[in-house]
Amino acid sequence: MGLVEAALDYVSIQSVLLFLGAVLALRAIYHSIDENRRLRRLGAPSASKVKSSLPFGIDIILKQIKATVGHKNYEVFLSLLDNAPFYTAEARMLNRRVVMTADPENIKAILATQFADFGKGEQFHVEWSEFLGDSIFTTDGQMWHGSRQLLRPQFSRERISDLHCFEAHLDTFFRAVANGGVLNGEEQVVDIEAGNGKPFDISELLFRYTLDVATDFLLGMDTQSLTTPRQPFADAFNEVQRVQNIIARAGPIRSFVPMKSFREGLKVVNEFCNIYIERALRLSPEELASKTKSDQGYTFLHELASFTRDRKVLRDQLVAVLLAGRDTTAATLSFVFYELGRHPEVVRKMRREIEAQVGWTRTPTYADLKSMKYVQNVINETLRLYPAVPFNVRTALRDTTLPHGGGPDGSLPLPVLKDTAIAYSTLAMQRRPDLYPSPSSASPSDSDKYPDPQTFSPDRWTHWQPKPWQYIPFNGGPRICIGQQFALTEMQYVLTRIFQRYERVDSFMVGEPKLKAEIVIQPGDGVTVALWEARKDEKGTSRSHSEEK
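In what follows, the accompanying structure is described. (Residues numbered from 1 in each chain as written. Predicted model: local features only at pLDDT ≥ 70, side-chain atom pairs only at ≥ 80, totals over all residues. Heavy atoms only, no water.)

The next subject is the sheet that holds strand β2 (residues 96-101). Strand-to-strand pairing in sheets goes through backbone hydrogen bonds, with the strands running parallel or antiparallel. Here five strands make up an open sheet; going across it, the order is β1-β2-β8-β5-β3 and the pairing mixed. Edge strands, defined here as strands with exactly one partner in the open sheet, are β1 (88-93) and β3 (118-119). Both β1 and β2 contribute to a ladder of six bridges, which runs antiparallel. In the sheet register, T88 faces β2, and the bridge partner there is T101. On top of the sheet, helix α4 (residues 73-81) reaches β1, β2, β5 (391-396) and β8 (421-425); it is set at about 105 degrees to β2, its chief contact. (Pairing = 2+ DSSP bridges. Helix = DSSP H or I, 4+ residues; strand = E, 2+ residues; numbered from the N terminus. Contact = heavy atoms within 4.5 Å. Axes fitted to C-alpha atoms, helices over the stretch in contact; angles between N-to-C directions.)

Dropping the structure here:
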């Protein structure tokens, strides 16, 4: 001890700090040399690096957080790429390398051809687990595979083609439309005639409708949100997603993100999930044994109860299906109505197809929906401009490469080290002008067939089909959205039934929609429209109220 004390007499605080600083500097130098060595071994260096004006890329992080709060993620993502070759660039943020891309071949590699090289990764799981737990959206390997197998039976063709669940909630939806907003209880009396031309936010009703459908279809008990004005769950769910997106953008500085509203919202979400968890745990082995996956009354709740009695597992899976079942479909339909309000000619074409296929009163069958190509084109075009999950991320699970981004012109493979985050944007990729036929190069007679990629034009799908991996609104590869056909069927059904009843959409929105891209993209200012109901005269032809006046 005497020797140690004697040594300490000659050591100052400044000396200790200098020693520690030197150790950290040497560690950083070693890490940089080792990283560069590994990168050179894999291939050519990146063709484009995001420029930073502050140390450690702090300005890039702050720019992304500000973009998230101001709903400018799309514009900022493009600015970070800054015309990079193959829409691929890399940045450094707090000494972490991040690759950003909107290149179809790179996205194809991440999601499919090099699927084993990329996954959600540990960092993503840490950032998202408080909200989404160990669900299908945050896990890899066997845990992810197990979650997917749990969900798969719910989206079989037999269950999707049974359209009763969509129809069961439409009468309430139409009454809410006529009311100009959410109903105050199931028994509220509504004057259907008074709804014509009344402005209302159709986006809010669509989010409530899809929540009711999702909870009914997947869990066997709907939330009745169309008849419950105050919906604490929906508000809390939205707030949790808002803060979660900021956490994801903040990356290494996420500890500084205020979490009070997030935790409060999460408490409400968990209490909502507990209602269904209790139902699952009350199902006896005899009840579970009496139902098979092909039975009409079989729901995801039965599948969950058969799988586990662990409350956390049940909670994580429920949150995942609520996120997927409500938000993606409602957001896409909201954008459909945003665009239909600006394109009355599209409404007329849809109604002509609906009249020819099912008429004005018959409920459509699954075969009817598959036959109505123009309605499908309207949905496809909406998903092209507004893919439901516009930004996503994967992590390299091993040292590997991406097809593009390396070398002087970006045409060579780009080295990617283990634990490198890859941010990719289907929103940016699907709007890239260079991936579409140029209107200027077409003959005068064909120029209308190739409208500007930024323009909403369902007619483009009559003459054009995207090349593989240039249109992936539901992702692709082994992790392709398992509920894709359910979502498409629900959207087609809802649009068909709405335009059997209504013939005109008046928009009260101005300019381009604000792209509120938190987890799912949606119109940031809602979608205020007025619908005009079509009546039939004695000859059976349609005539609107506005024409009668």
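Once the structure has been displayed, the description carries forward.
Here β1 lies mainly inside the structure; five of its six residues are buried. In textbook terms, the turn of a hairpin is the stretch between consecutive antiparallel strands, and for β1 and β2 this stretch comprises two residues, one of which, L94, has a positive phi near 50 degrees. (Buried < 20%, exposed > 50% of the residue type's maximum accessible area, 1.4 Å probe, protein only.)

Counting across every chain of the model gives 20 aromatic pairs. Relative to F486, the ring of F166 has its centre 5.5 Å away and its plane inclined at 50 degrees; by these criteria the two rings are tilted. With F166 in helix α9 (residues 164-168) and F486 in helix α22 (residues 484-501), the pair connects residues that are 320 residues apart, well separated along the chain. Plain terms: the ring middles of F233 and F272 are 4.0 Å apart, the flat faces sit at 20 degrees to each other, and that makes the pair stacked. One end of the pair, F233, is in helix α12 (residues 232-250); the other, F272, is in helix α13 (residues 260-282), and 39 residues separate them in sequence. F233 sits in the buried class, given a relative accessible area of 2%. Taken together, the ring pairs in this structure connect F131, F233, F237, F272 and Y276 into an aromatic cluster. Above the ring of F124, the side-chain terminus of K120 is found at 4.6 Å from the ring centroid. R501 extends its terminal NZ or CZ atom over the ring of F174, reaching a point 4.1 Å from the ring centre. (Phe/Tyr/Trp six-rings, centres within 6.5 Å; stacked < 30°, edge-to-face > 60°. Lys NZ or Arg CZ within 6 Å of the ring centre and 35° of its normal.)

What follows concerns unusual backbone geometry. The phi angle at D82 is positive, at roughly 45 degrees, despite the residue not being glycine. Here D82 lies in the loop between α4 and β1.

With that settled, the discussion passes to the pattern of salt bridges. For the coordinates displayed, the defined rule picks out 25 salt bridges. The residue E339 makes a salt bridge to R342 at a minimum N-O spacing of 2.9 Å. E339 gets classed as buried once you look at its relative accessible area, which sits at 1%. Put simply, D134, K312, R315 and D316 are held in one network by salt bridges that share partners. (Salt bridge = Lys/Arg side-chain N within 4 Å of Asp/Glu carboxyl O.)

In this structure the tally under the stated criterion is four cavities of 30 Å³ or more. In this structure, the largest cavity occupies an estimated 50 Å³ of space. Around the largest cavity sit N238, Q241, D327, K516, E518, I519, V520 and Q522, which together line it. Among the residues making up the lining of the largest cavity, the classes are represented as two nonpolar, three polar and three charged. (1 Å grid on protein atoms, 1.4 Å probe; cavity = no way out; pocket = protein on both sides within 12 Å on 5 of 7 lines; lining within 4 Å. Points joined across faces, edges and corners; volume = space filled by probe spheres on them. Nonpolar A, V, L, I, M, F, W, Y, C, P; charged D, E, K, R; others polar.)

Before going further, it helps to examine the packing of helix α10 (residues 170-179) against helix α11 (residues 202-219). Running from amino to carboxyl end, α10 crosses α11 at an angle of 160 degrees, the nearest separation of the two axes being 11 Å. Our classification of the angle between α10 and α11 gives roughly antiparallel. You can see that α10 and α11 cross each other, and the crossing is right-handed. Contacts between α10 and α11 involve L170, F173, A176 and V177 on the former and, on the latter, I202, L205, L206 and Y209. Its residues placed into classes, the contact of α10 with α11 shows eight nonpolar, no polar and no charged. (Parallel < 35°, antiparallel > 145°, perpendicular 65-115°, else oblique. Left-handed = near helix turned anticlockwise from the far one by under 90°.)

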